[in-house]
Amino acid sequence: MGGLLTFISTIRWQDIVDVLINSYILLRVYILFQGTNAFRVLVGVTSLWLAQELAASLGLILTSWAIRGITAAAAIIIIVVFRNEIRSVLQVRNIKTFLWGFPAREQRTPVDIITDSVFQMAQKRIGALLVFPGNQALGEVVHGGIPWNGQVSNEMLLSIFWPKGPVHDGAAIVRGEQIVEVGALLPLTHRQDLPSEYGTRHRAAAGLAEAADALVVVVSEERGKVSVAKGRDLTPVADGQELSQAIKRHLNMPEISPVHQRKRERLKFASAGFVSFLIISGIWLGFTRGQDTIIALNVPIEYVHRPASYDILDTSVDEARLQLFGSSALIRSIGPEQVAVRIDLSKATEGRNAFAITQDDVILPPGISLNRIKPSTLEVTLDIPTTRQIPVQVDWTSRLPKDMDLTDVSLSPTSVSVTGGSTTLAKVDTIYTCPVRLDSLPKSGRTTAEIVLSPPSLKLSPSSTGLVTIHYRLVKSRTPQHQ
Amino acid sequence: MKLFAYLLSAFLFFTGACHALQTPTDQRSQPPQAAPAGQLLLKKAVMCQRVENLTPISPGAVFSVSSGQVCCYTSFDPVPRHTVVYHRWYHRDELSTQTRLRLYPKKWSTYSVIQLRETDKGPWRVEVVDQNGHVFDVLRFSITD
């Protein structure tokens, strides 16, 4: 009990939102794709993935490897094979349906289709005979049927019983959702007590109902009336609901009202939502609660919110070593851009500032915890940027030509304007050129050299160029040089 | 009649031996800067390979390390009263050595010298300053191969 309370106390509000959002996404995927082939295959792929994880946890190396390959291939196959189905789900529906709507699915059963079709035919005075077999086989009493095996549809029924159709005089036998035979000949009844307006079609319906436990629906061509024959009863049917009830009673189908149907739908979606929640919670627990992996990362330190009047002159460290722990899945997924150490310099002053690196300075992805930081403190030296005019000096190198002296060196400009931290600039009294080789000077004249700024934090002011012109004079040496 | 007085001081600092020679001189040259009457004035300052008979020999801006030494020659006129100046030798902005040189009225020439080593190659400057830190002149040169 105490452990449970401790566990609950560690759950953040972000975790709850995280689980709820992803549960809803999973539920939406189910709602949008339910009933499609892609969804069934997706369930299969998920099962494969679970099997792979199980195999890996049991140490079944080859099995785990094989299932992983199959899963990867299956995921690609889903996208390729079911691309049209996926596209239709994602494109056709509007944004409301996509995000939060519950698609109103067509709930018409074959019985509803048959009922509608029967009364349409009655209205158009098209005669029809529909046989719904019971438990008894009809082979002994029904003859001449032509195999059809077509899905029940309104158009199909109208075309079968169309007066000019070749099979319209026979009966259509319906099993489940299919019309299995058409043009079937039914036995005629020998009863004498039938009303005189009943013709051959009614007699055939009564004859089969007497001979077997089938239910026969008959549509009168002359009067446009619908009747149902069952056993020795041949009963007129007034409307579609009555016919539907009769068929469903015969087929032992439960009566479901639209209200009840909606309730069932809601219950189904609620169950799907609960299952989604359980799945996501399980994944979340696996991802975030398994504190089983520790890694160490070297992370560059970012110095932020530096006062505008200061420049960073020096820092004691440029990167920190972080020891992080969390679940292996999260640790493996850490990218360099997700981890940062940011030192806030907003309260720093001129000169040397010491900071302790705390947990607040470390930015980590959710679910990852900080174990240790090295170093725990650092120093940042800030300086005020300033500009100074500093003399330029040539950095001569190599050897002068033999018996020659270099005299009267003058520069243009003699000094350059340099910008940098005041402390840094205070230590710089001379700006040097890049090395100029003496052995390349043929005679008196002039040459140019680039200025080299050291330390690199110094910058030339826009008014100063990076080139210096050197005027020099080479004269014959009055004393021989020591070699 | 010329009167010469020599004073040799040897100082050993970071780069090696450093010598200073002080002498009155009649050598005339254009002063590097104008100064009010009665104030110490630097008439001439030059880097040279050596000083002989109070004359800088082989003045220049570049000296080979193989020459063994380099001198900073300075001449003051007038010298109102007995005072001291300093030759501060900097190698790449790092103070390498400093020589204290005495000056006597009415005019005085003096120089400091450093012995050269392989590690002394690179750009140098010598600041000529008084005891109050006033910089008379800055001489720039290089030590090369």
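Computed from a predicted structure; not experimentally measured. (Residues numbered from 1 in each chain as written. Chains lettered and ligands numbered in written order. Predicted model: local features only at pLDDT ≥ 70, side-chain atom pairs only at ≥ 80, totals over all residues. Heavy atoms only, no water.)

Considering the overall build of chain A
Then, in step 1: The helix and strand inventory of chain A stands at 13 helices and 24 strands.
Then, in step 2: In chain A, which comprises 483 residues, the proportion classed as buried is 38%.
Then, in step 3: For chain A, the exposed surface amounts to about 28000 Å²; the carbon and sulfur share of it is 58%. (Helix = DSSP H or I, 4+ residues; strand = E, 2+ residues; numbered from the N terminus. Buried < 20%, exposed > 50% of the residue type's maximum accessible area, 1.4 Å probe, protein only. Areas by Shrake-Rupley, 256 points an atom, 1.4 Å probe, with all protein chains shown as cover.)

Structural notes on the environment of B:His82
Residues and elements named next belong to chain B.
Then, in step 1: Relative to the elements of secondary structure, His82 occurs in the loop between strand S6 (69-76) and strand S7 (83-91).
Then, in step 2: The exposure class of His82 is partly exposed, given its relative accessible area of 42%.
Then, in step 3: Between the C-alpha atom of His82 and that of Tyr104, which follows or precedes it by 22 residues, the distance is 4.6 Å.
Then, in step 4: When neighbours within four sequence positions are excluded, His82 is seen to be in contact with Arg102, Leu103, Tyr104 and Pro105.
Then, in step 5: At 3.5 Å, the side chain of His82 forms a polar contact with the side chain of Arg102. (Contact = heavy atoms within 4.5 Å. Polar contact = N/O pair within 3.5 Å; in protein donor to acceptor, adjacent residues only side chain to side chain.)

Looking at the interface of chain A and chain B
Then, in step 1: Counting residues at the interface gives 25 residues for chain A, matched by 22 residues for chain B.
Then, in step 2: Of the roughly 1800 Å² buried where chain A meets chain B, counting both sides, 45% is carbon and sulfur surface.
Then, in step 3: Where chain A meets chain B, there are two salt bridges.
Then, in step 4: Note that A:Asp429 and B:Arg125 form a salt bridge whose closest N and O atoms lie 3.2 Å from each other.
Then, in step 5: For the pair chain A and chain B, the interface holds 14 residue pairs in polar contact (both at pLDDT 80 or more).
Then, in step 6: Of all elements in the fold, only strand S16 (385-393), strand S17 (396-397) and strand S18 (404-412) of chain A reach the threshold of two or more residues within the side of chain A that touches chain B. (Buried area = accessible area lost by both parts, 1.4 Å probe. Salt bridge = Lys/Arg side-chain N within 4 Å of Asp/Glu carboxyl O.)

A short note on the sheet that holds strand S12 (residues 351-356) of chain A
Residues and elements named next belong to chain A.
Then, in step 1: Taken in spatial order, the three strands make up an open sheet running S9-S15-S12, and their pairing is antiparallel. The open sheet has two free edges, formed respectively by strand S9 (311-315) and S12, since each of these has just one partner strand. Strand-to-strand twist across the sheet, computed as the mean angle between neighbouring axes with direction ignored, equals 35°.
Then, in step 2: The pairing of S9 with strand S15 (residues 377-383) spans four bridges and is antiparallel. Bridging from a neighbouring strand, Ile312 pairs with Leu382 of S15. (Pairing = 2+ DSSP bridges. Axes fitted to C-alpha atoms, helices over the stretch in contact; angles between N-to-C directions.)

Considerations on the sheet that holds strand S6 (residues 226-230) of chain A
Residue and element names in this part refer to chain A.
Then, in step 1: With mixed pairing, the seven strands of this open sheet are ordered in space as S2-S4-S3-S1-S5-S6-S7. Looking at which strands have only one partner, the edges of the open sheet turn out to be strand S2 (146-151) and strand S7 (233-237). Taken pair by pair, the neighbouring strands of this sheet meet at an average axis angle of 25°, ignoring direction.
Then, in step 2: Relative to strand S4 (residues 178-184), S2 is paired through four bridges, and the arrangement is antiparallel. Bridging from a neighbouring strand, Pro147 pairs with Glu181 of S4.
Then, in step 3: Those strands touched by helix H10 (residues 240-250) are strand S1 (128-132), strand S5 (215-219), S6 and S7, and its axis lies near 155° from that of S5.

As for the nonpolar core
Residue and element names in this part refer to chain A.
Then, in step 1: Counting 28 residues, the largest nonpolar core has Ile114, Leu130, Phe161 and Val217 as the members making the most contacts within it.
Then, in step 2: Within the residue set of this core, elements represented by two or more residues are helix H7 (110-123), S1, helix H8 (154-160), strand S3 (171-175), S4, S5, S6 and H10.
Then, in step 3: Counting residues per element, this core draws most heavily on H7, which supplies six residues. (Core = buried A, V, L, I, M, F, W, Y, C linked by side-chain atoms within 4.5 Å.)

Examining the environment of B:Gln69
Residue and element names in this part refer to chain B.
Then, in step 1: Its place among the elements puts Gln69 in strand S6.
Then, in step 2: Under the relative-accessibility criterion, Gln69 is labelled partly exposed at 23%.
Then, in step 3: Measuring from C-alpha to C-alpha, the distance between Gln69 and Arg50 comes to 7.5 Å, with 19 residues separating the pair along the chain.
Then, in step 4: If sequence neighbours within four positions are ignored, Gln69 has contacts with Gln49, Arg50, Val113, Ile114, Gln115 and Leu116.
Then, in step 5: One polar contact links the side chain of Gln69 to the main-chain carbonyl oxygen of Gln49, over a distance of 3.3 Å.

Considering a nonpolar patch on the surface
All names here are of chain A.
Then, in step 1: On the surface, a nonpolar cluster with roughly 490 Å² of combined accessible area is contributed by Ile16, Leu20, Phe274, Phe277 and Leu278.
Then, in step 2: Looking at the nonpolar patch element by element, the count peaks at three residues for helix H11 (residues 258-288).
Then, in step 3: Turning to its location among the elements, Phe274 is positioned in helix H11. (Patch = residues over 30% accessible without salt bridge, like charges linked within 9 Å, V, L, I, M, F, W, Y side chains within 5 Å.)

Considering the side chain of A:Ser461
Then, in step 1: Relative to the helices and strands, A:Ser461 resides in the loop between strand S23 (459-460) and strand S24 (467-476).
Then, in step 2: Apart from the residues within four sequence positions on either side, A:Ser461 is in contact with A:Thr387, A:Ser417, A:Val418 and A:Thr419.

Observations concerning the packing of helix H3 (residues 37-57) of chain A against helix H4 (residues 61-81) of chain A
All names here are of chain A.
Then, in step 1: One way to put it is that H3 packs onto H4 with a least axis distance of 9 Å and a crossing angle of 160°. Between H3 and H4, the interaxial angle falls into the category roughly antiparallel. Crossing of H3 against H4: the hand is left-handed. For the pair H3 and H4, the contacting residues are Val41, Leu42, Val45, Leu48, Trp49, Ala51, Gln52, Ala55 and Ala56 in the first and Thr63, Ser64, Ile67, Arg68, Ile70, Thr71, Ala74 and Ile78 in the second. (Parallel < 35°, antiparallel > 145°, perpendicular 65-115°, else oblique. Left-handed = near helix turned anticlockwise from the far one by under 90°.)

Overview of the pattern of salt bridges
Then, in step 1: Under the definition given, this model contains 17 salt bridges over all chains.
Then, in step 2: The salt bridge partner of A:Asp169 is A:Arg201, with a shortest N-O separation of 3.9 Å. One end of the pair, A:Asp169, is in the loop between H8 and S3; the other, A:Arg201, is in helix H9 (residues 200-211), and 32 residues separate them in sequence.
Then, in step 3: Take A:Asp169: its relative accessible area is 56%, and that puts it in the exposed class.
Then, in step 4: On the basis of relative accessible area, A:Arg201 is assigned to the buried category, the value being 15%.
Then, in step 5: Because the salt bridges share partners, they merge into one network encompassing A:Asp429, B:Asp93, B:Arg125 and B:Glu127.

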